[in-house]
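Observations on the three-dimensional arrangement
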Amino acid sequence: MRLSRYFLPVQKETPAEAEIVSHRLMLRAGMIRQASAGIYSWLPLGYKVLRKIEDIVHDEQQKAGAIPVLMPTIQSADLWKQSGRYDDYGAEMLRIKDRGDREMLYGPTNEEQITEIAGAGIRSYRDLPRILYHIQWKFRDEVRPRFGVMRGREFLMKDAYSFDLDKEGARASYNRMFVSYLRTFERMGLKAVPMRADPGPIGGDMTHEFLILAETGESGVFLDRDLAELTLGDSAIDWEDAPALQETVDRYTASYARTDETHEEAVFESEIPEDRRLMARGIEVGHIFYFGSKYSKPLNATVNTPDGEVVPFESGSYGIGVSRLAGAIIEASHDDKGIIWPEAVAPFEVAVINLRQGDTEADGACADLYAKLTARGLDVIYDDRDERAGAKFATIDLIGIPWKLVVGPRGLKEGVVELVNRRTGETENLPPEDAMNRLAATYGRA
RNA sequence: CGGAGCGUGGCGCAGCCUGGUAGCGCACCUGUUUUGGGUACAGGGGGUCGCAGGUUCGAAUCCUGCCGCUCCGACCA
C-alpha cells in the first residue's frame, strides 16, 4: 500500500476523552473512531489488526478441533426466557422489539442459541464430543464503558461451546481449549497467564481467566514468577492425546496464579517463596469455564447414551475478547513514540520510508523495493508522501510497524538501505537485496 | 447506579464570570523555502458555538428543559 493513497487519519494531538495509552494510541494512529459511548468504527488500520487477531484465533480454534459457525447478533427472547436468563441478565442486555412487537435482544452471549442448535443436531453419544465456536459482535449495555475498545459496549468476541456426554469428556474439551488459548496468545506475541477464576455456583476447578501482564491492567494479579516464564514455544501439540493435554494444563496450573478477585494472601505466602512472588497488573483477554448442564437441562438439549438413557449435554464455554485484544496488545507493547506491534498482528509487516520524495534515485529504489517485497508476499506500507523524513518516521513509529526500510540518496550512493527494528531501534546498513532477504526470512516468506 | 465535569471548524483549546462583527495552535489548501528524525515564512478555505425554548434592541455568553460525551467509585469478554 502506498501511504499517499491510503486512509490513515493520524493525529498529533491526543483526543481529550482518551485516558489510557492504548485508547490514545488507537485514536492517534487512526485505527478507530468513536461512534457513540462504547461503540467504535474500525478504520482501515484498526480493521487490519482486528482481522489478523481474528485469523489467528480462527486458526488455533480449528487446529484444536473446534468447528466454526456463525450465529446472529439479534436473538429472540424466547430461548432466554426458557433458560431463565431473560430476567436474570438485567439492564446490561439490550432489549428491542420488532415491528410485530416481538421481544428481541442484541446478544450479549450465545449459550442459549448454541445449545438449541446442538440439541437439535446432536442426538446420539456417537456424535460427541463437539466444540462449536463463532466470532461475532456482542452487545452489553455496560453502565460505564471506558478505555476505548478495552471495555466497549459493542465488542467482538470468540465464543466456543463444548458438548460432551459426561464430565470426564467435558474436562477433555476444557483442556483442549485451555492449551489452544496458550498457543493463541503466544502467537500474538503475548504473555498470557491462566489464573484460577471464581467458579461461582457451579463450583469445581474448571474455570480460568487468561490475563496478559501489562502495567496498565485493570486487575491486580498475584502469581508464581515461574508460571510467567512458561512457554509452549514451537512444541508440537497432539490434540488427540488427552493425557498429554492434561499434562500441559497441569503444568500451567501447578502453582499459584490468581487475580485480586480470588486472591488469598495467606495461601500465596505459604505456597510461594518470597523471591518467586510476582505481583503485577493484568488484562483479561480470555475466560473459559465448565458449566455442566446449566443450559442443556432447561433447554432440553439431550443425547442418547449407549445404554439408551437420555441425558443433557455436559458443556463449557470459552471466550476470547477479540476486539479487546487489539487494545490489550498495545497496552503490553508500546513506547513514547507509539505502538510496537508484534510481527504476527502488525497491520503492515514493513514500512518503506523514502527520505527524499521526488529524488529520482530514491523514488526509483523505493518503488523497486516496494514491488519486490510485495511480490514476495510481504505486506508493505510505502511512505511515499511528500513529507520530511521526520514526519514519516513519526507516523510510521506511531502506527507501530515492526520494521522500517529507510531509503535515501546518501545510502543509495553507498549501495545500502537501512533496516530498522521498531522494538529495539537496532539499525543495519545493508544492500537492498540483503535487507529484503532478511525481511522475507523474518516473516517466513520465500 | 452514586459523585464530578465537559459540549465552540477534523483534533487540542481560549472566549462565557461582566451579552455587542467567533478566535488561537495543530491539521488542510496555494505559493516560496527547506530537505537523513514532526522546516520556516506568506496567503487562504472551513464553524447551525450540542438541541429546543425563554429573557433582551442584540445571546457562544444570562435563564429553563432536554440530549450527548468524559472522568472517579461500585460491577463486567
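This text gives an overview of the structure that appears in the document.

1. Focus: the sheet that holds strand S4 (residues 74-76)
Within the open sheet, the three strands sit side by side as S4-S6-S5. Their pairing is antiparallel. Either end of the sheet is taken by a strand with one partner, and the two such strands are S4 and strand S5 (94-97). Averaged over all pairs of adjacent strands, the angle between their axes in this sheet comes to 35°, without regard to strand direction. Across three bridges, S4 lies against strand S6 (residues 103-106) in antiparallel orientation. Paired with Gln 75 across the strands is Leu 105, a residue of S6.

2. Some remarks on the protein's contact with RNA strand B
RNA strand B sits among 45 residues. The nearest are Arg 144, Arg 151, Asp 397, Arg 410 and Glu 418. In RNA strand B, atoms within 4 Å of the protein come 49% from sugar and phosphate. In this structure, a base nitrogen belonging to RNA strand B sits 2.8 Å away from a main-chain N or O atom of Gly 152. With respect to RNA strand B, the backbone of Gly 411 contributes an N or O atom lying 2.8 Å from a base oxygen. Mapped by element, the contributors of at least two residues to the surface near RNA strand B are strand S1 (32-36), strand S8 (154-164), strand S13 (277-292), helix H12 (389-398) and helix H13 (409-414). Ranked by residues supplied to the surface near RNA strand B, first place goes to H12 with seven residues. The residue inventory of the surface near RNA strand B, partitioned by class, reads 15 nonpolar, eleven polar and 19 charged.

3. What about the pairing of strand S10 (residues 207-213)?
Of all seven residues in S10, six are buried; the element is thus mostly enclosed. When strand S9 (residues 192-196) meets S10, the two strands line up antiparallel, connected through five bridges. Looking at the pairing, Met 195 lines up with Glu 209 of S10. Pairing geometry for S10 and S13, over seven bridges, is antiparallel. Opposite Glu 209, over in S13, you have His 287 as the bridge partner.

4. What to know about empty space enclosed by the protein
Any space left empty among the atoms is revealed by the rolling of a water-sized probe across them. As enumerated under the stated definition, the model contains two cavities of 30 Å³ or more in all. If you go around the largest cavity, the residues you meet are Tyr 181, Leu 182, Phe 185, Glu 186, Leu 190, Lys 191, Ala 192, Phe 210, Leu 230 and Tyr 252. Sorting elements by how many residues they give to the lining of the largest cavity places helix H6 (residues 167-187) first, with four residues. Broken down by class, the residue content of the lining of the largest cavity amounts to eight nonpolar, no polar and two charged. Approximately 60 Å³ is the volume found for the second largest cavity. What lines the second largest cavity is Gly 38, Tyr 40, Trp 42, Trp 137, Val 149, Gly 152, Glu 154, Phe 155 and Ser 323. Sorting the residues of the lining of the second largest cavity by element identifies strand S2 (39-42) and S8 as the ones contributing at least two each.

5. Things to note about a negative patch on the surface
On the surface, Glu 265, Glu 269, Glu 274 and Asp 275 cluster together into a patch of negative charge. Mapped onto the secondary structure, Asp 275 falls in the loop between helix H9 (265-271) and S13. Residue classification places Asp 275 among the exposed positions, given a relative accessible area of 61%.

6. So, helix H2 (residues 44-63)
Since the α-helix turns once every 3.6 residues, residues separated by three or four places project in the same direction. Helix length check: H2 (20 residues) gives 28 Å between terminal C-alpha atoms against 28 Å at 1.5 Å per residue, within 8%. Within H2, the full set of buried residues consists of Leu 45, Gly 46, Val 49, Leu 50, Lys 52, Ile 53, Glu 54, Ile 56, Val 57, Glu 60 and Gln 61. In the segment just after H2, Gly 65 is the residue with positive phi, at about 100°.

7. Observations regarding the sheet that holds strand S19 (residues 350-354)
Pairing is mixed across the open sheet formed by five strands, whose spatial order is S20-S19-S21-S22-S23. Where the open sheet ends on each side, the last strands, each with one partner, are strand S20 (380-383) and strand S23 (427-430). Taken over all neighbouring pairs, the strand axes of this sheet differ in orientation by 20° on average, direction set aside. Inspection of the sheet shows S19 paired to strand S21 (residues 403-407) by five bridges, in the parallel sense. Bridging from a neighbouring strand, Val 352 pairs with Leu 405 of S21.

8. What to know about the packing of H6 against helix H8 (residues 242-253)
Interhelical geometry of H6 versus H8 gives an angle of 65° and a closest axis separation of 9 Å. H8 is crossed by H6, and the crossing has left-handed handedness. Residue-level contacts link Arg 171, Asn 175, Arg 176, Phe 178, Val 179, Leu 182 and Glu 186 of H6 to Leu 245, Gln 246, Thr 248, Val 249, Tyr 252 and Thr 253 of H8. Of the residues that constitute the contact of H6 with H8, the class distribution is six nonpolar, four polar and three charged.

About the criteria used
Residues numbered from 1 in each chain as written. Chains lettered and ligands numbered in written order. Predicted model: local features only at pLDDT ≥ 70, side-chain atom pairs only at ≥ 80, totals over all residues. Heavy atoms only, no water. Pairing = 2+ DSSP bridges. Helix = DSSP H or I, 4+ residues; strand = E, 2+ residues; numbered from the N terminus. Axes fitted to C-alpha atoms, helices over the stretch in contact; angles between N-to-C directions. Near = heavy atom within 4 Å. Polar contact = N/O pair within 3.5 Å; in protein donor to acceptor, adjacent residues only side chain to side chain. Nonpolar A, V, L, I, M, F, W, Y, C, P; charged D, E, K, R; others polar. Buried < 20%, exposed > 50% of the residue type's maximum accessible area, 1.4 Å probe, protein only. 1 Å grid on protein atoms, 1.4 Å probe; cavity = no way out; pocket = protein on both sides within 12 Å on 5 of 7 lines; lining within 4 Å. Points joined across faces, edges and corners; volume = space filled by probe spheres on them. Patch = residues over 30% accessible without salt bridge, like charges linked within 9 Å, V, L, I, M, F, W, Y side chains within 5 Å. Areas by Shrake-Rupley, 256 points an atom, 1.4 Å probe, with all protein chains shown as cover. Salt bridge = Lys/Arg side-chain N within 4 Å of Asp/Glu carboxyl O. Lys, Arg positive; Asp, Glu negative; His and termini not counted. Charge placed at Lys NZ, Arg CZ, Asp CG, Glu CD. Expected span 1.5 Å × (residues − 1). Left-handed = near helix turned anticlockwise from the far one by under 90°. Contact = heavy atoms within 4.5 Å.

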